[in-house]
Each structure stands twice: as C-alpha cells, then as structure tokens.
Amino acid sequence: MITFGDVARLAMRSLRGYRLRSNLVLLAMAIGVAAVVVLTALGEGARRYVQAEFAALGTNLLIIFPGRSETTGGPPPLLGETPRDLTLDDALALYRCTAVRRVAPIIFGTAPVSWRGRIREVPIFGSTSEMMTIRHMTMASGRFLPEGDPHRARPVCVIGAKVREELLGNRPALGEIVRIGDRRFRIIGVIGSRGRSLGMDMDDMVTIPVASAEALFNSPALIRVLVEARSSADIEAARKGILDIVRARHDGEDDITVVTQDAVLSTFNRILTTLTISIAGIAAVSLVVAGILIMNVMLVSVSERTPEVGLLKALGGSRSAIMRIFLSEAIVLSLLGATGGLVIGGVGVFVLGSLYPAFPIAVPIWSPIAALLIAVATGLFFGALPAGRAARLHPVEALSKR
Amino acid sequence: MVRLERVTKIFRVGEHEVRALHDVDLEIGAGEYISLMGPSGSGKSTLLNVIGLLDRPTSGRYLLGGQDTTDLSDLEQARLRRERIGFVFQFFHLIPRMTARENVELPLVLAGVSPAERVERVDVALRSVDLTDRADHRPGQLSGGQRQRVAIARATMLEPSVLLADEPTGNLDQRSGRDVLELLESFNRKGLTVLVVTHDPEIGRRASRRIRMVDGEIVASETATAADR
C-alpha cells in the first residue's frame, strides 16, 4: 500500500509540473482565505471597539431612563414622555438600596455660554460629584463638582477641553467667570480630554451642579440617572431595588426603564459577533469559487495525464491508490493556498492595525481555523469528482490514449 | 504459470460486437520465452492485456500461478499486477517530469516500500540495465533505447513471474531494438517468463515458442528446436 508521505510527494511533484495553473488556483484560494481572515478581524475589531467604549462608560453601571418602553427591543424614550418626571429626589432615594454604591442624576440641555463677549451654544450637563467617579473621568486641571448637598445650586462649572479652547483660548481658565444663560458661574475645573464616548463628546460640554441646572432650565426632570452597583453580582439586586423604590415613589407605577451596562454590552456583542460570522460566510463563498477552480484544474490534469493513470494501474496501483493520489493533489492545492491566504490575511490585518491604531482590529481565533478547515473540505469535495474519474479509467484505454 | 481456459473477449463498439478473443486456450510454463504474432486486429494485444490483468475476459477462466483471477476484486488484481506482472510498452510510458531513477522507483512507491530500502533496490535495477550513469536524467534527455531500458528496469523491479512486452522494439531503431531484445533475453535466461508481442518475424523467430493468432484464435503454436535459433 502506497504510503501517505509518498502520496504527498507525488502530489507536489505533479503540481510543479503545471506551475502556472497551480499558482493561479493557489492565488484564488489564498484570496478567499485572506478575505475571511481580514473581514472577520474587522468585525472582531468593531466588537472590541464597542466593548471598550462601554467599559469606558463605567463599571457595574445601570442606566435609568424616565418612561417605560412597552415593547421589548425598542429604544427607550430619550425624552421623558410620562406625566411624572424623574426627579433629583427620586435619584437620591436610590441610596436606600444597599446594592447601590453611587448615583449620578443627569439633567441635560443646551444654553449659550459667554465669556468676555464670546458666546457659544454649548450642551449643559447638570449632575453631582458622583458623576466623575462613575464615569471614570479625569481632570486636566482644577477639580470636579464639589461634594455636599445636591440641592444646593452653587454657581460653579466644569468645562470640557474644547469649550475652554474656543471660549478662553490659551488663557488660564480656573477662576474665570462665565455666563451660562442669564447666570454667572465660576470655572473650577477643566475635564481631561477623553474624546468621544458613545456619542457624548465630554470635551464639548459644560457640567454644572444638578440643582443649578434645574434652575437654569426651569425643570426638575432628569433625562438619565447613572447608578453604580457595589459589584457585578449586585447589578440584578440594584435593578430590582431601583424599580421598587421608584415605583413606591411614583404611586405604584412602573414609569422608568432600567438598562444594565452588561445587558447592552452583551446585546452589542451578540449583534457584532453575528455580523462577523455573516461577513465570514460571505467571504467563504470565495472559497467555494476557489474550490470550483481546483476541480477545473484537476479535471484538466486528469485528462492530460490519462496515459499516466493507465501506467499507474499497470504498475499495480489500485483504484483507491489512484483516488488518493489525485485527491491529495487537490488537498495539497487547497492547503497551500489556504496557508498563503493566512499569511496574506495576517499581513493585511497587521497593516490595517498600523494604519488605524485606534481601531482594535484583531483576528478572532476561530476564523483562521475555520478558513483552513473549509479550504481543505473544499479541496476534498471538489477534488473527489476528478479523482474518482481518474480512478475509474479503464487501464487499457488510458494507456492507449496519446 | 499462466493458464487460459476457453477465454473469450467481446468488445461492444456501438451496436456491433467485436470478438477479440475466441475460446482461447493457452498454457505458459515458468521461464518460457514466447513470441506472439499475427496481423493487426488479430487479438494479440487483447490477449496480452488479459494476461496482464488489465482487462477481464468476457467468459472463460484465467489462472495465474494456480490462482483463478476471474473473480478477484480491483484491489487484489492490482496487487497481483504489482507482484507478478511486468509491462514493457511500445511507447515506453515513462513519466516525463520524473528522472529515470524516479520512474524505476514507482512500483516500489506503489507497493509502499520504505524510501531507505528503495534507494538500494533502484540502484541494483539500474545497474542491471546498465543505466547507472543516466539515473538522474529525465526521459526527454534519454535515447529511445535508453528509455526502453529504464522501462525494463521498472518492469523487473519487483521480480515478477511474467514480463509482457507489447512491441518493445516498435519505436526503436534496429540497433537499440536488438539491445533491448538481448536485455529481455538475458532476464529470460535468469528465469523470467517473457511474452513478446511483435509484427516482426525476425524478432518472433528468436523466441523459443512462437504463437500465431488470426481473428481472435490461436492458429499455430510451435516450439523451436535449437537449430532454428
């Protein structure tokens, strides 16, 4: 019985016999595998990017929206559409739940901010000192909102880096007085640049105490409350506690929506993983095309080498031996092509990663394995027909073909 | 050694049936040197292919070394071909991309002999046909006579019981043809059974037994006396 090593050696030997044809097929297979690798790496990068963005939001985070979404899956209402507002007192009441560590109420609006005649319309963020810890914010200079009774409307503000630059230029900002709406606020800190996070550009924002914002916008309605649970194990308890407390305060009505960071994250994870797999599936179509090319090359090769097949039979090669010789040619083709594709894909991912360092492109572990397996399976599948054709050739007829 | 009993082979060409062999009875003893002659289409090659297990008879029995081959599976037939039969063809049938050494090695590869053992056996085989110095040449770099000697080395590699040669000199000039015949005869003297199909009466006369075929039947089988040769 012919040995495995000899089969592989014979295969390599005959592939080198028609180099151009073999190389073209290798190229097709390599492109297919490289496409799978690069596209899945992009998908995985997107997943990691979103994950990092969410992690930057804070840890063990729960987000409370006013209003109740009745249907599952729809986005929570961005603006409270309920008769009962979610208020600062509601938010502070959440501290009664033992699973809750920190609470940051948020009022949001826009107002003109002016300094020495320069005016800009800026998003205004009303919150408390807890905000900084929950959102893992850092200060470029000065300090964040002072601790103390959240009901006190102190005339102080913390500005983003971009606001500072556009309003004050290079002058020192700390201690300066800006006018927000018709009120005067003293700048006590500048937030360190952390870029955009989930659509909220902290650099382009002014943060003031929540009570000041209530007065400024003349409304006690919070658009969000951020809650940090004591640990990830406490998230579910915190969620229940929040719902219970708010229900009790709102006359037994469930008129808020609580979203946990984990739930959102795992939803995004699921969506993006599914997306990555479907992209990989589309790319895998090119592997099938490469498989058809393999079949084509093998058919031509069998027909060209018909006398050789006859000879192998005369020398004592059985049908199964000839089947294996030709099948292994198809598999060697697909394996070599796939290996080349992995290298090309790896280089492509590396180049993309160097060009866009901010994007966490990464090859998911399953994708090269899957690409390799599919490539070999394709070779087997599409090699079977030509190999079978060779094996079934009648030795006398095969030998007499010139 | 080889025993055919009422072997008939019918080919179907379109709607016509062609009877290539008709009730052929033949017995070949070990160590014989036989020539098979006859006009084109007389069934010589078909007989050779049946004996070589490349073709199955339509009816009749074929015993090789006492074993009935008629009902053997493909795998068993392949093994018999490998172990007991050597082929030499008119057009050599060497694989062009392989060197002489690799061509000679092929039966050992198909038999699953280890590479280490192969080297020595190929060396011996190449020496037996006096081609040691051409071992690394490809067929394209060899003369016709040399190519046929490579083919003979390949055919005798696994020490078969029968060597079947179909017009072994048909594609050679006279001198290399004679060389090739002498080489075959030297193997025959060492005990190998040789069956040569030929058109050439001069070559046919060299054999110790001459079989003549017409229309799928053996019409004459004469054993030469020493004086004839």
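Located above this text is the structure these notes cover.
**Section: the sheet that holds strand 2 (residues 16-28) of chain B**
Residue and element names in this part refer to chain B.
Step number 1: Here we have 4 strands laid out as an open sheet, ordered 2-1-4-5, and antiparallel in their pairing. Both edges of this open sheet fall to strand 2 and strand 5 (67-68), since each of them pairs with a single strand only.
Step number 2: Pairing analysis gives 2 bridges linking strand 4 (residues 59-64) to strand 5, with the strands arranged antiparallel. Residue pairing across strands places L63 opposite D68, the latter belonging to strand 5.
Step number 3: Packing of helix 1 (residues 44-51) onto the sheet brings it into contact with strand 1 (2-13), strand 2 and strand 4, and relative to strand 2 it is tilted by some 60°.

**Here we look at the pattern of salt bridges**
Step number 1: Counting across every chain of the model gives 37 salt bridges over all chains.
Step number 2: Between R247 of chain A and D244 of chain A there is a salt bridge, with its nearest N and O atoms 3.2 Å apart. Here R247 of chain A and its partner D244 of chain A are both found in helix 7 (residues 235-249), 3 residues apart, which amounts to about one turn of the helix.
Step number 3: You can call R247 of chain A partly exposed: its relative accessible area is 28%.
Step number 4: Across the pair E5 of chain B and R3 of chain B runs a salt bridge whose closest N-O atoms are separated by 2.8 Å.

**Some thoughts on the interface of chain B and chain A**
Step number 1: Taken together, the contact between chain B and chain A spans 26 residues of the former and 28 residues of the latter.
Step number 2: Overall, the association of chain B and chain A removes approximately 2,500 Å² of surface from exposure, summing both partners, and the carbon and sulfur fraction of that is 59%.
Step number 3: The tally of links from chain B across to chain A stands at 4 salt bridges.
Step number 4: Put simply, E102 of chain B and R13 of chain A hold a salt bridge, and the shortest N to O gap is 2.2 Å.
Step number 5: The interface formed by chain B and chain A contains 9 residue pairs in polar contact (both at pLDDT 80 or more).
Step number 6: Elements represented by at least two residues in the side of chain B that touches chain A include exactly helix 2 (74-84) and helix 3 (100-111) of chain B.
Step number 7: Sort the elements by how many residues they give to the side of chain B that touches chain A and helix 3 of chain B lands first, with 6 residues.

**Section: the pairing of strand 2 (residues 100-115) of chain A**
Residue and element names in this part refer to chain A.
Step number 1: Summarising the sheet, strand 2 and strand 11 (residues 224-229) pair through 6 bridges and their orientation is antiparallel. Pairing of V103 across the sheet is with V227, part of strand 11.
Step number 2: When strand 2 meets strand 3 (residues 118-127), the two strands line up antiparallel, connected through 9 bridges. Opposite W115, over in strand 3, you have R118 as the bridge partner.
Step number 3: Two successive antiparallel strands, strand 2 and strand 3, enclose a turn made up of 2 residues, where R116 displays a positive phi of approximately 45°.
Step number 4: Across 2 bridges, the pairing between strand 2 and strand 6 (residues 177-180) is antiparallel. By the bridge assignment, S114 is partnered in strand 6 with R179.

Parameters and conventions
Note that residues are indexed from 1 along each chain, following the sequence as it is written. Lettering of chains starts at A and numbering of ligands starts at 1, both following the order in which they are written. Local features are withheld for residues below a pLDDT of 70 in this predicted model, meaning they are given only at 70 or higher, and side-chain atom pairs are given and counted only at 80 or more; totals for whole chains, interfaces and linings count all residues. Only hydrogens and water are set aside; all other atoms, that is, all heavy atoms of the structure, feed into the side-chain values. For two strands to pair, DSSP has to find at least two bridges joining them. Helical segments are the DSSP runs of H or I of at least four residues, strand segments are the runs of E of at least two, and each set is numbered from the N terminus. Only heavy atoms enter the contact rule, under which two residues are in contact if any of them lie within 4.5 Å. Lines fitted to the C-alpha atoms define the axes, with helices restricted to the stretch that makes contact. Angles between their N-to-C directions range from 0 to 180 degrees. For this analysis, a salt bridge means a side-chain nitrogen from Lys or Arg found within 4 Å of a carboxyl oxygen belonging to Asp or Glu. Burial classification: accessible surface area is computed with a 1.4 Å probe over protein chains only, and a residue below 20% of its type maximum counts as buried, one above 50% as exposed, and the rest as partly exposed. Reported buried area values correspond to the accessible surface (1.4 Å probe) lost by two parts on association, with both partners' losses combined. Definition of a polar contact: a pair of N or O atoms within 3.5 Å, with one able to donate and the other able to accept a hydrogen when the atoms are protein atoms, and with sequence-neighbouring residues admitted only if both atoms are side-chain atoms.

These results come straight from atomic positions and should not be treated as a statement about function.
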